[in-house]
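# Report on the structure
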Amino acid sequence: MEKPTLATIQQTYNDFPDSPVYLTIFGSHLWGTAVATSDYDVRGICLEPPRALIGLGGFAQYERLEPIDITVWGLRKFTELAIGNNPNILCVLFSPITH
């Protein structure tokens, strides 16, 4: 599998959030332990959809596992997790590989 780009992700998932502000490769490709059969893991942050921002709906995160493992947190949830020193969030925040 080739390294996913934002365009690839948006083509693969028609319900992907419209407003990603930060995306990074995570997992084995970030840590340098990937093998030929390793999948790609993508983590990121997005602005919540307008309906969620004005209180007409909820949005905490977007998550899909196939064919690309993707988790994109809304800015509000990401901030709460970062303030709580969540190690996964801190790894995402300081990842050198971004889109």
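Residues numbered from 1 in each chain as written. Predicted model: local features only at pLDDT ≥ 70, side-chain atom pairs only at ≥ 80, totals over all residues. Heavy atoms only, no water.

### Notes on a nonpolar patch on the surface
Short version of the rule: Excluding any residue in a salt bridge, patches collect residues exceeding 30% relative accessible area, merging like charges within 9 Å and nonpolar Val, Leu, Ile, Met, Phe, Trp and Tyr side chains within 5 Å. Shrake-Rupley sampling with a 1.4 Å probe provides the accessible areas, and residues are treated as covered by the protein chains on show and by no other component. Salt-bridge detection follows one rule: a side-chain nitrogen of Lys or Arg within 4 Å of a carboxyl oxygen of Asp or Glu. Working definition: helices are DSSP H or I runs of at least four residues, strands are E runs of at least two. Numbering for both runs from the N terminus. To sort residues, take the accessible area from a 1.4 Å probe on protein chains only and compare it with the maximum for the residue type: under 20% means buried, over 50% means exposed, and anything in between is partly exposed.
Taken together, the side chains of Val21, Leu47 and Leu75 make up a nonpolar region of the molecular surface, amounting to roughly 240 Å² of accessible area. Among the structural elements, leucine 75 can be located in helix H4 (residues 75-83). Residue leucine 75 is classed as partly exposed on the basis of its relative accessible area of 38%.

### Quick notes on the sheet that holds strand S4 (residues 69-74)
Sheet strands associate in pairs through backbone hydrogen bonding, adopting either a parallel or an antiparallel arrangement. Here is the rule we go by: Pairing between strands is defined by DSSP: at least two bridges between them are needed. Angular values range over 0 to 180 degrees, each being the angle between N-to-C directions of two axes fitted as lines to C-alpha atoms, with helices fitted over their stretch in contact. Working rule for contacts: check all heavy atoms of both residues, and any pair within 4.5 Å makes them a contact.
Sheet architecture is open: four strands sit in the order S1-S2-S4-S3, paired in mixed fashion. Unpaired on one side and paired on the other, strand S1 (20-26) and strand S3 (61-64) mark the two borders of the sheet. Put simply, the sheet's adjacent strands are angled 15 degrees from each other on average, direction ignored. Note that S3 and S4 share four bridges and pair antiparallel. Paired with glutamine 61 across the strands is tryptophan 73, a residue of S4. Strands in contact with H4 are strand S2 (41-46), S3 and S4; relative to S4, the strand with the most contacts, it is inclined by about 90 degrees.

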